[in-house]
Amino acid sequence: MAESYRRSQWSNGLFILPYLSVFAVLLIFPLFWGAWLSLHKVDLFGPGRFVGFGNYARVLADPVFMQALRNSIIFVLVSVPTLVALGLFLALALNKTTRTTSFLRGLFFSSSVLSVTIVTLIWRFVFIPGDGLLAVVSEQFGIEPVNFLSTSGWSLFSVGVATVWWCLGLPMMLFLAALQQIPNDLYEAAALDNASPWRVLIRVTLPSIARTIMLVTIIQIVMQFQLFGQAQIMTNGGPNGTSRPLVMYIYEVGFVRWDVGKAAAASEFLFLIILVAAMAQYVVSTRKSEASE
């Protein structure tokens, strides 16, 4: 009996074998291959030479890497809370069953299905000096237009605006799905207690969707640390690297300078940063939910 049960388990496991094969080839193997490359002095044209942690030391000593790291951290610290807050606000505002709200949901989500090229070209037309939308509006009001894409301090802001507009649909839909799962009994009980809308939000709504808020935050941390296409097309990392993110730095080192080992080491740093940030957010959110229970 036990032997037949084990055979049944193995036969059931065959159904997930195709997925596991693709997962191993596309995710597990590149993960270990990248770690191996980071320990070697290697390019795309010849065999590598083992250098241990030399590539990591070179990355940490590179001021361009530290600038890109700072840009990415600032970008994440600003864009992630903005996406979470705006997504939650839109979800609360559109959590109704009317034709207008259905239309607005589709409208806000529509930007998420666009490619990064289309999104960045749209926002280049907004921020570009001279004939850009903001430049034309500024001239109409007699204000000196700002060259957003080539001014230090404004270039990363411009990339952030385009990114928030592009990525806002997913947090909104996730929050909407979570809000629709909250039992109406909780709101009826709050109404019987004459609770104010703000108190209902703080005491009922937010605790009920705390796990979704954690999920959205982690997803956005992972996504925004991988910023690349928007910065490359809109600003090309300029001016003077003030809008160059980590992924663009890795691309330039690996595929422009052909220093694959150093690029792999920088990639491992990015992987560790994303992992630590996501796990820290998970631990903090879990402790808060346990404390509230």
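Coordinates for the structure precede this section.
As a starting point, this report considers the structure included with it.

About the criteria used
Residues numbered from 1 in each chain as written. Predicted model: local features only at pLDDT ≥ 70, side-chain atom pairs only at ≥ 80, totals over all residues. Heavy atoms only, no water. Core = buried A, V, L, I, M, F, W, Y, C linked by side-chain atoms within 4.5 Å. Buried < 20%, exposed > 50% of the residue type's maximum accessible area, 1.4 Å probe, protein only. Contact = heavy atoms within 4.5 Å. Helix = DSSP H or I, 4+ residues; strand = E, 2+ residues; numbered from the N terminus. Expected span 1.5 Å × (residues − 1). Phe/Tyr/Trp six-rings, centres within 6.5 Å; stacked < 30°, edge-to-face > 60°.

1. Here's the deal with the nonpolar core
- Grouped together as the largest cluster of nonpolar side chains are 51 residues, with contacts concentrated most on Phe65, Trp123, Phe175, Ile209, Met234 and Tyr249.
- Not counting chain neighbours up to four residues away, the residues in contact with Ile209 comprise Leu88, Phe175, Ala178, Leu179 and Ile182.

2. Here's the deal with helix H8 (residues 155-167)
- Relative to the 18 Å expected for 13 residues at 1.5 Å per residue, H8 spans 18 Å between its end C-alpha atoms, a close match to the ideal helical length.
- Taking burial as the measure, the 13 residues of H8 include 10 buried ones, the bulk of the element.
- For H8, the full list of buried residues reads Ser155, Leu156, Ser158, Val159, Gly160, Ala162, Thr163, Val164, Trp166 and Cys167.
- Here the buried face of H8 lies against helix H4 (63-93), helix H6 (116-127), helix H9 (169-179), helix H12 (210-225) and helix H13 (229-234).

3. A look at the packing of aromatic side chains
- Under the criterion given, the structure shown has 13 aromatic pairs.
- With a centroid separation of 5.8 Å and an interplanar angle of 45°, the aromatic rings of Phe65 and Phe269 are classed as tilted. With Phe65 in helix H4 and Phe269 in helix H15 (residues 260-292), the pair connects residues that are 204 residues apart, well separated along the chain.
- A centroid spacing of 5.1 Å and a plane angle of 85° characterise the contact between Phe148 and Trp154, whose relative ring orientation is edge-to-face.
- What makes Trp154 partly exposed here is its relative accessible area of 36%.

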